[in-house]
Amino acid sequence: MATAAAEFVQLERQRAETTDQRVMDALQQPRLEAQETLARTMASMQSMLKQRDSLRARMAGLPEEPEEPLIGAYLPPITARVEAPPLPAWPEARPYEAPTPRPYEPPTPRPYETWTPPERAPAPEFIPASSTFDLPSMDEGDEGYDPAPAPLDFDIPPPQTPMGTGQEIMLQGFNWESCNSHKKWFNVISDEASEIANAGFTAVWLPPPTDSVSDQGYLPRDLYNLNSFYGNVEDLKRCVNAMKQNGVCPVADIVINHRCADKQGEDGRWNLFTGKMAWDQQAITTDNPEFGGRGCGGTGEDYGPAPNVDHTKDWVRNDLKQWLHWMKNDIGFGGWRFDFVKGYGGNFTGEYVGDTKPYVSVGEHWVACNYNGGNLEYNQDSHRQSTFDWCASTGGSTAAFDFTTKGILQEALRNREYWRLQGSDGHPAGFCGKWPTHAVTFIENHDTGSTLQHWPFPVDRLAEGYAYILTHPGTPTVFYDHWKDPELREDIQSLMEVRKRLKIGCDAAVYITKAEDGCYAARIGQPRQIVDRQACSEVDGSKPSLCVKLGPGDWSPNRERVGGTKWTCKASGDGWAVWEDRRFLD
């Protein structure tokens, strides 16, 4: 009985000491069970004591006492017949009598009172709608926001990036059909040089300029022969000079993973090269027996349509570096775009870039995203990691096109699945959220779109796509077809102006405030820390910043009081809007 009593007392003490209703409710059932156990134990003990006393009385010859109910024993309730009280006597119902109408009494007229209008208050400042979907907010006045925070005690150094100053915006200056232009394409771009510069582009990626088996230039033959389907060598030089005169960096499309031979060898295979770089079978990898290569095994993925160049040979690399120097110093190119870089080791790209020191350098590291059947998986970490690893293999000397962001962005916008845009680490889900200084973002190029349509972006979401890449970290690239589209050009131009005005660079910080079905929202600005091989989510509020919203969902930075400041919408369109911090606009 002592154990049962102790357990009951302990539960009673716990129940008495707490004021939390949830705890009290949780203790109630154990308390009742302990109480019942204690009662049964006491009843059993009383019965034993009664039997002992009765036995002692019989042994002593004493009369037995009448039995009394045991303490805690069950006693049936006493039942008694209870009669219900008599029903009240309800009054007898009367027939309905309509009320007697009152005669009309006109109101007593008030004496005339003159009215003095109040003084006119100044009209509040008009604030344009944040977007098509933005509802007005009661807190969008001029007062009530915090002053800009104090600047940092130290200056954030410029980003360490292969893409110029980190403030570049690149134009892909051609599409898949540009080689078929009635007017030679280099002359088309040359005539648009000032227009390109005035739009705010700082670099233009030009098509492959070398002699090629294919019209588009991606099956090169004699690298020193710059007479292509885009124009002859003089057309090319004129185009390059026009860009440089307008302050735009001309970027050459460098195709050195493979090279088409001019002659057949003794075995009848096309594996002998002519021109200044007169190579033989020793310059071809052995991975594809069709070309009879006698070099070493490949250091990357084999490209089937043409002989793959063996970059492990010193004399091959020296020839290529000499050619790149000629392209830079004699022709005038300022940057490189390396084609099909997954075909050879990234360390070789790093060597070519380190030797020639271009202003911008980017590689096409295109591998398939992670799909489950026909559905894009949410987690693309391994995909962007492969791009990260390639950039690292170059020694960080070359950036890479952000195919991860393209794949995620087009899927998110097509299906309104904006939760895809935030990775599991809270940063942007693409490569620009992994190594932003080395990410070159884009939504379409000559392969994915144009007339090939290998992996097209949804055409009705193009402006929304540019609202993302032109406000986020990385170096954005605009496709020529989109820039020349009158309906898209105005949106692209307004977004480029915001990016340049706020000095949003490749190392921009992104603080994502919302990422769900129907809506994505983020604040983007200059970082409060050095960005090197990682993303930053801490925006420097002492400098101008922006907020961007994608999707039909209802969201406003003023209503959410983002950054403790007020925001003014500076650009908007179908499904997107961009605001600027008003403290830096007054």
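Residues numbered from 1 in each chain as written. Predicted model: local features only at pLDDT ≥ 70, side-chain atom pairs only at ≥ 80, totals over all residues. Heavy atoms only, no water.

With respect to the sheet that holds strand β11 (residues 439-441)
Here is the rule: DSSP-based pairing: two strands are paired if at least 2 bridges between them are found. Comment: elements are numbered from the N terminus, with helices defined as DSSP H or I runs of at least four residues and strands as E runs of at least two. The angle between two axes is taken between their N-to-C directions and runs from 0 to 180 degrees, where each axis is a line fitted to C-alpha atoms and a helix contributes only its stretch in contact.
Taking strand neighbours around the barrel as the criterion, the eight strands line up as β1-β2-β3-β6-β7-β10-β11-β12 in a closed arrangement whose pairing is parallel. Averaged over all neighbouring strand pairs, the angle between strand axes comes to 25 degrees, with direction disregarded. Bridging between β11 and strand β12 (residues 475-479) involves two bridges; their strand directions are parallel. Bridge pairing in β12 links V440 to T475.

A word on the pattern of salt bridges
Heads up, the condition is: A pairing counts as a salt bridge when a side-chain nitrogen of Lys or Arg comes within 4 Å of a carboxyl oxygen of Asp or Glu. Working definition: with a 1.4 Å probe on protein chains only, accessible area under 20% of the residue-type maximum means buried, over 50% means exposed, and in between means partly exposed.
Tallying each qualifying case throughout the model produces 29 salt bridges. We note a salt bridge from K484 to E192, for which the minimum N-O separation is 3.1 Å. With K484 in the loop between α11 (480-483) and α12 (486-501) and E192 in the loop between α3 (185-191) and α4 (193-199), this residue pair connects regions lying 292 residues apart in the sequence. R501 is the salt-bridge partner of E580, the closest N and O atoms lying 2.4 Å from each other. Here E580 is found in strand β17 (residues 576-581), whereas its partner R501 is found in helix α12, with 79 residues between them in sequence. For E580, a relative accessible area of 3% gives the class buried. Taking relative accessible area as the criterion, R501 reaches 43% and is therefore assigned partly exposed. Through salt bridges with shared partners, one network takes in D253, R337, D339 and E364.

Thoughts on the side chain of K549
Defined as follows: Contacts described as polar in this section are N or O atom pairs within 3.5 Å, which, within protein, must combine one atom able to donate a hydrogen with one able to accept it, while residues neighboring in sequence count only if both atoms come from side chains.
By the element assignment, K549 lies in strand β15 (residues 545-550). In this structure the side chain of K549 is engaged in a polar contact, spanning 3.1 Å, whose partner is the backbone oxygen of G553.

Concerning the packing of helix α10 (residues 462-469) against α12
How we decide: Any angle from 65 to 115 degrees is called roughly perpendicular, while one under 35 is roughly parallel, one over 145 is roughly antiparallel, and all others are oblique. Pairs of residues are marked as contacts when any of their non-hydrogen atoms sit within 4.5 Å. Gly counts as polar in this scheme, as do all residues outside two lists: the nonpolar Ala, Val, Leu, Ile, Met, Phe, Trp, Tyr, Cys and Pro, and the charged Asp, Glu, Lys and Arg.
Look at α10 against α12: their axes get within 10 Å of each other, and the N-to-C directions meet at 10 degrees. Here α10 is positioned roughly parallel relative to α12, judged by the angle of their axes. Counted together, L462, A463, Y466, A467 and I469 of α10 and L488, D491, I492, L495 and R499 of α12 form the full contact between these two elements. Within the contact of α10 with α12, the residues separate by chemical class into eight nonpolar, no polar and two charged.

A closer look at the packing of helix α9 (residues 403-415) against α10
To keep it simple, the criterion reads: Crossings are classed by handedness, with left-handed meaning an anticlockwise turn of the near helix from the far one by less than a right angle and right-handed meaning a clockwise turn.
Contact geometry for α9 and α10: axes closest at 10 Å, N-to-C directions at 135 degrees. Compared by their axis directions, α9 and α10 come out oblique. As α9 packs across α10, the resulting crossing turns out to be right-handed. Residues T405, L409 and L413 of α9 form the contact with α10, whose participating residues are E464, G465, Y468 and I469. Here the residues of the contact of α9 with α10 sort into four nonpolar, two polar and one charged.

So, α10
Of all eight residues in α10, eight are buried, a share of seventy percent or more. Where α10 is concerned, the buried positions are L462, A463, E464, G465, Y466, A467, Y468 and I469.

Looking at the packing of aromatic side chains
For the record, the criterion: In this scheme Phe, Tyr and Trp rings, the latter by its six-membered ring, pair at centre separations within 6.5 Å, and the angle between planes marks the pair as stacked below 30 degrees, edge-to-face above 60, and tilted otherwise. Placement of a positive charge over a ring is assigned whenever Lys NZ or Arg CZ falls within 6 Å of the ring centre and within 35 degrees of the normal to the ring plane.
Counted according to the given criterion, the structure contains 19 aromatic pairs. Seen from their ring centres, F174 and W205 are 5.5 Å apart, and the 90 degrees between their planes marks the pair as edge-to-face. Of the two residues, F174 sits in the loop between β1 (170-172) and α3 while W205 sits in strand β2 (residues 203-205), which places them 31 residues apart along the sequence. The pair formed by F174 and W205 is uniform in burial state, with each residue classed as buried. Centroid distance Y303 to F340: 5.2 Å. Interplanar angle 65 degrees. Geometry classified as edge-to-face. Of the two residues, Y303 sits in the loop between β5 (270-272) and α6 (314-331) while F340 sits in the loop between β6 (335-338) and α7 (346-356), which places them 37 residues apart along the sequence. On the accessibility criterion, F340 (14% relative accessible area) is buried. Three or more aromatic residues joined by ring pairs make a cluster, and in this case those are F174, W205, W366, F401, F403, F442 and W455. The side chain of R489 reaches across the aromatic face of W483, ending 4.0 Å from its centre.

Here we look at the sheet that holds strand β14 (residues 519-525)
Here we have five strands laid out as an open sheet, ordered β13-β14-β15-β17-β16, and antiparallel in their pairing. The outermost strands of the open sheet, each flanked by one partner alone, are β13 (509-516) and β16 (567-573). Recorded for the sheet is a direction-independent mean angle of 15 degrees between the axes of neighbouring strands. Judged from the seven bridges that link them, β13 and β14 form a sheet pairing that is antiparallel. Its bridge partner lying in β14, A509 is registered against G525. Relative to the sheet, α10 contacts β14, β15 and β17, its axis offset from that of β15 by approximately 150 degrees. Those strands touched by α12 are β15, β16 and β17, and its axis lies near 25 degrees from that of β17.

Re empty space enclosed by the protein
Put simply, the rule is: Cavity: a set of points on a 1 Å grid over the protein atoms alone where a 1.4 Å probe fits but cannot get out. Pocket: an open set with protein on both sides within 12 Å along at least five of seven lines, its lining residues, like those of a cavity, having an atom within 4 Å of a point. Grid points are joined across faces, edges and corners, and a volume is the space filled by probe spheres set on the points.
Under the counting rule described, the total for this entry stands at four cavities of 30 Å³ or more. For the largest cavity, the calculated volume is near 60 Å³. Surrounding the largest cavity, 15 residues form its lining, T285, G298, T299, V309 and G343 being those nearest its centre. Taken together, the residues that form the lining of the largest cavity break down as two nonpolar, nine polar and four charged. Roughly 50 Å³ of volume is contained in the second largest cavity. Forming the boundary of the second largest cavity are Y378, N379, Q380, D381, G423, S424 and A429.

Digging into the pairing of β6
Burial of the side chains of β6 extends over both faces: G335 and R337 are buried on one face and W336 and F338 on the other. Relative to β6, strand β3 (residues 249-254) runs parallel, the two being bridged by four bridges. Paired with A252 across the two strands is W336, which belongs to β6. Where β6 lies against strand β7 (residues 360-363), four bridges are found, and the strand directions are parallel.

Describing α12
Heads up, the condition is: Here the expected span of a helix is defined as 1.5 Å times the quantity of residues minus one.
With 16 residues, α12 extends 23 Å between its outermost C-alpha atoms, agreeing within 8% with the 22 Å of an ideal straight helix rising 1.5 Å per residue. Along α12, the residues classified as buried are L488, D491, I492, Q493, L495, M496, V498 and R499. Capping the start of α12, D485 holds a side-chain oxygen 3.0 Å from the backbone nitrogen of E487, two or three residues further along. Where α12 terminates, the next one or two residues include K503, which has phi positive at roughly 55 degrees.

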